[in-house]
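# Structure assessment
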4 protein chains.
Amino acid sequence: MEGFSYKDYLSYFTFRYGSKEMREIFSLYNLRITWRKIWTALAKTQMELGLLSKVEYEEIEKNKANLNLEKSFALEKELQHDLMAELKVYASQCPKGGGKIHLGATSTDILDNAEILCFKKALDLIKDKLILLLKEFIKFIENYKDLVCMGFTHLQSAEPITLGYRFSFYLQDLYLDLLMMKFLEKEIKTKGIKGAVGTSASFVNLFEGDFKKTEILEKKLIRELNLEAFLITAQTYPRKIDFWILNFLASLAQSLHKFAADLRIMQSFGELQEPFLKYQVGSSAMPFKKNPILAERICSLAEYIKVLPQVAWNNAADTLLERTLDDSANRRIIMSEAFLSLDEILILAEKIISKVKINQFNINKNLA
Amino acid sequence: MEGFSYKDYLSYFTFRYGSKEMREIFSLYNLRITWRKIWTALAKTQMELGLLSKVEYEEIEKNKANLNLEKSFALEKELQHDLMAELKVYASQCPKGGGKIHLGATSTDILDNAEILCFKKALDLIKDKLILLLKEFIKFIENYKDLVCMGFTHLQSAEPITLGYRFSFYLQDLYLDLLMMKFLEKEIKTKGIKGAVGTSASFVNLFEGDFKKTEILEKKLIRELNLEAFLITAQTYPRKIDFWILNFLASLAQSLHKFAADLRIMQSFGELQEPFLKYQVGSSAMPFKKNPILAERICSLAEYIKVLPQVAWNNAADTLLERTLDDSANRRIIMSEAFLSLDEILILAEKIISKVKINQFNINKNLA
Amino acid sequence: MEGFSYKDYLSYFTFRYGSKEMREIFSLYNLRITWRKIWTALAKTQMELGLLSKVEYEEIEKNKANLNLEKSFALEKELQHDLMAELKVYASQCPKGGGKIHLGATSTDILDNAEILCFKKALDLIKDKLILLLKEFIKFIENYKDLVCMGFTHLQSAEPITLGYRFSFYLQDLYLDLLMMKFLEKEIKTKGIKGAVGTSASFVNLFEGDFKKTEILEKKLIRELNLEAFLITAQTYPRKIDFWILNFLASLAQSLHKFAADLRIMQSFGELQEPFLKYQVGSSAMPFKKNPILAERICSLAEYIKVLPQVAWNNAADTLLERTLDDSANRRIIMSEAFLSLDEILILAEKIISKVKINQFNINKNLA
Amino acid sequence: MEGFSYKDYLSYFTFRYGSKEMREIFSLYNLRITWRKIWTALAKTQMELGLLSKVEYEEIEKNKANLNLEKSFALEKELQHDLMAELKVYASQCPKGGGKIHLGATSTDILDNAEILCFKKALDLIKDKLILLLKEFIKFIENYKDLVCMGFTHLQSAEPITLGYRFSFYLQDLYLDLLMMKFLEKEIKTKGIKGAVGTSASFVNLFEGDFKKTEILEKKLIRELNLEAFLITAQTYPRKIDFWILNFLASLAQSLHKFAADLRIMQSFGELQEPFLKYQVGSSAMPFKKNPILAERICSLAEYIKVLPQVAWNNAADTLLERTLDDSANRRIIMSEAFLSLDEILILAEKIISKVKINQFNINKNLA
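I will try to describe carefully the structure that is included in this document. Computed from a predicted model, the values in this text were never measured in an experiment. (Residues numbered from 1 in each chain as written. Chains lettered and ligands numbered in written order. Predicted model: local features only at pLDDT ≥ 70, side-chain atom pairs only at ≥ 80, totals over all residues. Heavy atoms only, no water.)

What follows covers the overall build of chain A. Counting its secondary structure elements, chain A contains 14 helices and four strands. The principal-axis extent of the C-alpha atoms belonging to chain A is close to 85 × 45 × 35 Å. Put simply, chain A has 368 residues, and 70% of those count as buried. Pairs at least 24 apart in sequence give 77% of the contacts found in chain A among residues at least 6 apart. A total accessible area of about 12,200 Å² is found for chain A, and carbon and sulfur atoms account for 54% of it. Of the side-chain charges in chain A, 50 are positive and 47 negative, and the distance between the mean point of each set is 4 Å. (Helix = DSSP H or I, 4+ residues; strand = E, 2+ residues; numbered from the N terminus. Buried < 20%, exposed > 50% of the residue type's maximum accessible area, 1.4 Å probe, protein only. Contact = heavy atoms within 4.5 Å. Areas by Shrake-Rupley, 256 points an atom, 1.4 Å probe, with all protein chains shown as cover. Lys, Arg positive; Asp, Glu negative; His and termini not counted. Charge placed at Lys NZ, Arg CZ, Asp CG, Glu CD.)

With that out of the way, let us pick up the interface of chain D and chain A. Many analyses report the size of an interface as the accessible area lost when the parts associate. On the chain A side, the residues contacting the 79 residues of chain D number 79 residues. Contact between chain D and chain A buries roughly 6,600 Å² in total, counting both sides, with carbon and sulfur atoms accounting for 60%. Sorting the residues of chain D by area buried against chain A places Phe4(D), Tyr6(D) and Tyr9(D) first, and these three jointly supply 15% of that buried surface. At the junction of chain D and chain A, the tally comes to six salt bridges. (Buried area = accessible area lost by both parts, 1.4 Å probe. Salt bridge = Lys/Arg side-chain N within 4 Å of Asp/Glu carboxyl O.)

Moving on: the pattern of salt bridges. All names here are of chain A. By the definition in use, this model includes 115 salt bridges over all chains. We note a salt bridge from Glu86 to Arg36, for which the minimum N-O separation is 2.9 Å. Of the two residues, Glu86 sits in helix H6 (residues 82-92) while Arg36 sits in helix H3 (residues 28-48), which places them 50 residues apart along the sequence. Taken as a pair, Glu86 and Arg36 share a single burial class, namely buried.

With that out of the way, let us pick up the relation of the copies chain B and chain D. Both copies of the chain are related by a screw-like operation: a rotation about an axis and a shift along it. Mapping chain B onto chain D calls for a rotation angle of 180 degrees and an axial translation of 0.0 Å; the resulting RMSD is 0.0 Å. What the rotation and shift describe, once combined, is the action of a two-fold rotation axis. Residue by residue, 100% of the interface of chain B is reproduced at the interface of chain D, so both copies engage with the same surface. (Least-squares fit on C-alpha atoms with pLDDT ≥ 70 in both.)

A word on the relation of the copies chain D and chain A. Expressed as a screw transformation, the operator carrying chain D onto chain A has a rotation angle of 180 degrees and an axial translation of 0.0 Å, and the superposed copies differ by an RMSD of 0.0 Å. Mapped onto chain A, 100% of the interface residues of chain D are again interface residues, and the two copies thus contact each other with one and the same surface.

In this assembly, 22 residues from chain B lie in contact with 22 residues from chain D. With both chains or domains summed, chain B and chain D bury close to 1,700 Å², and 48% of this area falls on carbon and sulfur atoms. Applying the counting criterion to the chain B and chain D interface returns zero salt bridges. If you look at where chain B meets chain D, you find ten residue pairs in polar contact (both at pLDDT 80 or more). A per-class count over the side of chain B that touches chain D returns seven nonpolar, eight polar and seven charged. (Polar contact = N/O pair within 3.5 Å; in protein donor to acceptor, adjacent residues only side chain to side chain. Nonpolar A, V, L, I, M, F, W, Y, C, P; charged D, E, K, R; others polar.)

On to unusual backbone geometry, then. In this model, Ser200(A) sits at a positive phi of 65 degrees, which is unusual for a non-glycine residue. Mapped onto the elements of the fold, Ser200(A) is located in the loop between helix H8 (163-187) and helix H9 (201-206). Residue Ser200(A) is classed as buried on the basis of its relative accessible area, which comes to 13%. At His102(C), a position not held by glycine, the phi torsion is positive, near 75 degrees. Residue placement: His102(C) occurs in the loop between helix H6 (82-92) and helix H7 (107-144). Classification of His102(C) by relative accessible area gives buried; the value is 7%.

Here the focus is the state of the cysteines. A complete count under the given rule lists zero disulfides over all chains for this structure. Here Cys299(B) stays free of any disulfide, with the sulfur of Cys299(D) as its closest cysteine sulfur at 15 Å. (Disulfide = S-S within 2.5 Å.)

Our next topic: the pairing of strand E2 (residues 156-162) of chain A. Residues and elements named next belong to chain A. Among the seven residues in E2, five count as buried, and that is most of the element. Pairing analysis gives five bridges linking strand E1 (residues 148-153) to E2, with the strands arranged antiparallel. Within E2, the position partnered with Cys149 by the bridge is Ile161. What sits between the antiparallel neighbours E1 and E2 is a turn of two residues, in which His154 has the positive phi angle 55 degrees. (Pairing = 2+ DSSP bridges.)

To continue, consider the nonpolar core. Counting 575 residues, the largest nonpolar core has Phe167(A), Phe167(B), Phe167(C) and Phe167(D) as the members making the most contacts within it. Not counting the four nearest positions on each side in its chain, Phe167(C) is found in contact with Phe137(C), Phe140(C), Ile141(C), Phe259(C), Met266(C), Leu272(C) and Ile353(C). (Core = buried A, V, L, I, M, F, W, Y, C linked by side-chain atoms within 4.5 Å.)

Residue and element names in this part refer to chain D. Every buried residue of helix H4 (residues 54-62) is accounted for by Glu56, Tyr57, Glu59 and Ile60. All buried residues of H4 fall inside an arc of 160 degrees around its axis, so they share one side. Facing away from the buried side of H4 by over 90 degrees, the exposed positions are Lys54 and Lys62. Check the buried side of H4 and you find it contacts helix H3 (28-48) and helix H6 (82-92). (Arc of directions from axis to C-beta.)

This brings us to the side chain of Glu274(D). Residues and elements named next belong to chain D. As for its placement among the helices and strands, Glu274 is situated in the loop between strand E3 (272-273) and helix H12 (293-317). For the buried residue Glu274, which engages in no salt bridge, the nearest side chain bearing the opposite charge is Arg297, 7.7 Å off. Separated by 2.8 Å, the side chain of Glu274 and the backbone nitrogen of Leu294 make a polar contact. Reaching out from Glu274, the side chain makes a polar contact with the backbone nitrogen of Ala295 at a distance of 2.8 Å. In this structure Glu274 touches Leu263, Gln267, Asn291, Pro292, Ile293, Leu294, Ala295, Ile352 and Val356, once residues within four positions along its chain are discounted.

Moving on: the packing of aromatic side chains. Counted by the stated rule, this structure contains 93 aromatic pairs over all chains. Ring geometry for Tyr165(C) versus Phe169(C): centroids 5.4 Å apart, planes at 80 degrees, classification edge-to-face. Separated by four residues within a single helix, Tyr165(C) and Phe169(C) lie in helix H8 (residues 163-187), roughly one turn from each other. Neither residue differs from the other here; Tyr165(C) and Phe169(C) are each classed as buried. With a centroid separation of 5.1 Å and 80 degrees between ring planes, the pair formed by Phe167(C) and Tyr170(C) is classed as edge-to-face. With a gap of three residues between them, Phe167(C) and Tyr170(C) both fall in helix H8, about one helical turn apart. Side by side, Phe167(C) and Tyr170(C) carry an identical accessibility label, which is buried. Ring pairs connect the aromatic residues Phe4(A), Phe73(A), Tyr6(D), Tyr12(D), Phe13(D), Phe15(D) and Tyr17(D), which therefore count as one cluster. Between Arg36(B) and the ring centre of Tyr90(B), over which it is positioned, the NZ or CZ distance is 4.1 Å. (Phe/Tyr/Trp six-rings, centres within 6.5 Å; stacked < 30°, edge-to-face > 60°. Lys NZ or Arg CZ within 6 Å of the ring centre and 35° of its normal.)

Structure follows, in structure tokens:
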């Protein structure tokens, strides 16, 4: 399998922005493994309902991590269908039960559940970092709750405030984002296994008209995946969910943009300074300068996240009837890159808040 | 006081889009009345805490609806400050207690609470219409739950579905929006009364250092206004709230865009038809045509709402330190127009769903 | 005819933002007058080609400003079609030739040409203000080309610069916008008169198959209107033109946002100060403060304009086949409000640049 | 040097969307090579003006492609500055003249000129593809200029049109984009070599106050690079240029979204069909289906490009004073990905237009 180097086009998210953990979630490798995880869970559930033998299932289970991307990519060129290509490779690895992988399913029965699993994992990473950050802000606020500094409105001196109180604005914004996240955690469900137009018709056929069994199939499957399913779907889970996820990411990015933009002003006023590494260079012309480049990077990436919900809005608003593919290509970009951008922002914010330097002298000067 | 005619620039929201009720909420008259409502409530609360006499308060209370916009606008030209102008007019109407209106307050102590009151009222109007719409969709779904029609993916015939099931996609989207609304209802709080930089310093001064009384003042005031206050604010309530409100409105607009876009396709396939008035004209060149103009108007206005959260994002992200005025001018446009656009969309959606016509013949033809 | 007061919903563009001239262009009255102007020009051209008698044309010409909005609005309620309603009222005022108004035309043959006329007029207003502004910047730069002040990168002191050189950044940005405007002036054409799907079929019919005469009709008409027509159109002129116009307005707004944001920073550093009226009040709590509220208003309105091209993008991208009405309702908002917002921004920028105060003492202090 | 595999996060632009040529332009390797190209050109020009010896220059020239990314990346971690790291590696490879690389320059003297070179190259690729596409459309229109089909307004049958005339809408849109491109080609200039705040102070110093020589330096350099320079810049070239480039890319994406969305409707009506490969699979549940997946991918990627100008708008509007770094991180994403998305769209459009199938039977049926 070919690898990629800096002679190829590489996104900065591949090698610079975001954590290793977040990158792994959105790697193609992990996505394919997750597809196979769904197929395996489906096979297990269908075995329990009598559609597969134990032997067939076990073979499928055994091969669930046996990716052969080279073969799969070659097939995809012919079929023009990535999931079908992967399916054929997987099936070819399972001489006994291969033909029963994907039994009754449509592509999005696999894709959508796999993506919701990835998004949930990514949200968990974000939550961990957010909670860590909240703690750092609390610590900072405790430390500086009585440090009086000048308050500014319209960038003009207004009335005194304490540094801790100012930082509690950021804390409260972040806390509001956490509340939104908790709301989303509860409401983000998955497609389940409802077939081509959401009616589960193909599964009802498999069970010879037994609706009950079809319901049991879905219930067992989503329990196996530790998810909940929407009661109703078309071919895909409602794309409104993507819009909500991106709105949440944009909201959290907004909170940290406000923090970082404020910090840049405070650093300009000489009151605060973001951490500066030992050998760090200010600029190639003026190496002595202390530029707030971490805070600036937060603002820059936040502005990128800001626009992505607009793409998701149209994906949901324009998915005609049971589904069109307006969403497919751009979702591959916007969902992963929004998570990766925010991940980087959270890393930077933590770096700043945990090590920001206070310049008491200038704070007093500006108060006078 | 001057009036305006069609020779002036008039927004289509003034005379065409949105309900009378929604327009009233966002009328300048209502906004000023609401300012005076906050001032009156503040005076009442301050009276109870000994800062005003009963006589002073009663005079303020008596004049709370005594607007004189002509005078207020004239003053505003000099002062370049709308709230100060209104305050001076109000004060001039209260010879005894006029000097104590706005006691210890900063402009946003009045403005922000007034706006949150208006937004809550506007959200209530939206909720009423949304619930009505949910009921209409439920009725429709009940009626057509067994009406089999062709399901389409990629705008190509896929598998049969029922019309009722298809409409349950829209219902579920709307229900998700209702859940989001309930979350927001709980989390949208107001500024309370915290002064120029959020520290309540001016009120603490009024009470000669008594923090307890300052807290009681805010608690009494927001109870009087039937609101809850954020624990922490800078000069304004967190502008993230505007972003959230607009995201909600955009999400609901998205659900109805999907519905309307689908309906236009179904009408193109000859299966459904939105209501058409007795003397309605299709087009000036082809009067016979049945164009889905209500559904198209939904899509058009929804696209407008879509972009407005982006403005609010920057308002919150760029409000430097205790506040800058990046937000002021554009909030006067985006908040009212987003509500008015959605209000119109809800009216149109209700018209369609309650009177849409089914063409069984074409439905069967497309199934064959 | 009813008038509107502050008890109705009134946009801030009705009474506060933008010039009287710009408001008039986008008044409903002017739009209707412009429709009648197109109808009159069409009648004149058709008379010259033998389709109307002189008497019929003269009656139409005589009534071209004889609006009766009350009647027109009443009819519109029945017909659900604003142009048809206006046409019927106009026709009823012309007992001889009324039936020949709109001969062979489709609605957009009137609407689109009318709108392009309005946009061109609005662009001319913008150009006049832009050129005035360029002159003011040139004057300022001349005056301060040698005034040394500190240059800032990352909001940190970098190297000295002159105030005049800094302001030449803004001048060059504005000049680039002027170049773009000149490009647009050349490329913005109109629909001409091509009927329901752009084939001119109805006019060819009127001329009994004579294509030549149809071409002459369009040529004469657009010369009469002092416009040029696109060679090809569907039912409407290409909506890409709206996108380009809004991109231009957003680009000019961007230039002035940069200027205004910089000014707010310079005012915060005490180096510059925007004009402050004699009785102007800083804030209700701190009347002494000098807040850069004009510059802040520029930034605020610029942020609003920024998002509007996104709406126009989808109008052009989603106009299915010969035309759908995705664009109609939102164009009534975005086009006028973008022009009005920019008009206000230009007024504000001129106020600032012509009267900004320099604080030499602080400039020197910051250099040291 | 490490490589990357599918276990890493890889953007779809790395391995799926866009051409090899476009990916190479935006590879990190090419970017670094281009930096060295600017450094070499600067050294050559400075040699000609007496600041470097021939020997020093030749050593620099000899090493211009001698990248050592591993070393450069290691250094970057310490310095927190990518260009400085590359500079130090380059200098270490040139024992004689290494210390004179970057003489008098600030980072953006290298970065900005390098990026403009890349953007111009990328625009050239786009232009080649656009012109090819225009030719294909002309061919198609010639072929089908007399093929009568039904014209649709509001997705309802209106009047007949010819297929060729309909496709001329798309052609004209694309031609308008070409006009815009030609305007941009003329107006896109580069930073030149103006130092930290745009005053060229460091170069004037190198030439001991000789302004003339500083001007000659810039003129020689940009001629060497085959570019033109803006008369005035701050630390960077005006970021408005990015906004304009992205607006152009979004405009071209819009034209092809309209084409692709129309094609999806025509394919739904059975009149046209995009090419379908021999072994292509419709869907995993319904392999027989002919889905317009190429057209859908165009629409999907076009929606992504649509939002990117919004990011560039703020980069230009918020670059405070001589420069802040609001732009840096997000430009690394938006510029390359906009070009790559459009590149893919153009490839897809060419595939469709050159091989689209016409179904005369259905066209006639829909006319009847």
